[in-house]
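Chains, contacts and geometry: an overview
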Amino acid sequence: MKKLLILLIAITAFSFCFATTVIEAKPILRADQIFIPTNKTGGKISLMELSRIKIKDFEKLRGEKMNFFDRITFKAAQKKVSDNINNDGTINNKKLNKFLSKSGETGFHLGGFALGFLLGLIGILIAYLIKDDYKRNRVKWSWIGFGIYLVIFIIIAASGGFAIY
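The structure displayed is predicted, hence computed values, not measured ones.

What follows deals with the overall build of the chain. When helices and strands are counted, the chain shows 8 helices and 2 strands. Sequence-ordered secondary structure for the chain, helices as α and strands as β, is α-β-β-α-α-α-α-α-α-α. When the 165 residues of the chain are sorted by exposure, 24% land in the buried category. Restricting to contacts in the chain with at least 6 residues of sequence separation, those with at least 24 account for 47%. Roughly 13000 Å² of accessible area belongs to the chain as shown, and the carbon and sulfur atoms make up 67% of that amount.

Following this line, the structure appears as structure tokens:
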């Protein structure tokens, strides 16, 4: 009876220890924390300010006067920026959010490389079908893996490694 009780306590303890998961929340990007350059001398302005600034003030910040077409382009861009900012200051454009918060999407991708190297064209197709934040990197490395597989195959075939007697 004691052994059974100790076993149940141990199983309970281990299940509580390994049942916890850590969910990383993506950082919320705020428009007043993202700065873009305005001139060659290093002046910067936040997206929030850019969405609300007047043309005259922007010309002073930039240090040069804008012509008619520049002002029209600026107003159109300003409207687009302000449409992509919520009332609380967060950015609501998915593409802009993804661009501004790149989180390790570059570099070597072992899964993509293995798909291309081990499975060939089927692996590349699988890499295209998986949809997540790392798709582009995975597809790139699956093509690289497939290319390395082809180079190795050609070298072995040229050296007579596949000769049939």
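Before going further, it helps to spend a moment on the nonpolar core. Formed by 15 residues in total, the largest nonpolar core has its most connected members in Ala31, Leu47, Leu50, Phe58, Phe74, Ile85 and Ile91. Counting residues per element, the ones that place at least two in this core are helix H2 (47-52), helix H3 (55-62) and helix H4 (68-83). Ranked by residues supplied to this core, first place goes to H2 with 3 residues. Ignoring anything within four residues of it in the chain, the contact list for Leu47 reads Ala31, Ile34, Ile36, Val81, Ile85 and Ile91.

Calculation criteria
- Residues numbered from 1 in each chain as written.
- Predicted model: local features only at pLDDT ≥ 70, side-chain atom pairs only at ≥ 80, totals over all residues.
- Heavy atoms only, no water.
- Helix = DSSP H or I, 4+ residues; strand = E, 2+ residues; numbered from the N terminus.
- Buried < 20%, exposed > 50% of the residue type's maximum accessible area, 1.4 Å probe, protein only.
- Contact = heavy atoms within 4.5 Å.
- Areas by Shrake-Rupley, 256 points an atom, 1.4 Å probe, with all protein chains shown as cover.
- Core = buried A, V, L, I, M, F, W, Y, C linked by side-chain atoms within 4.5 Å.

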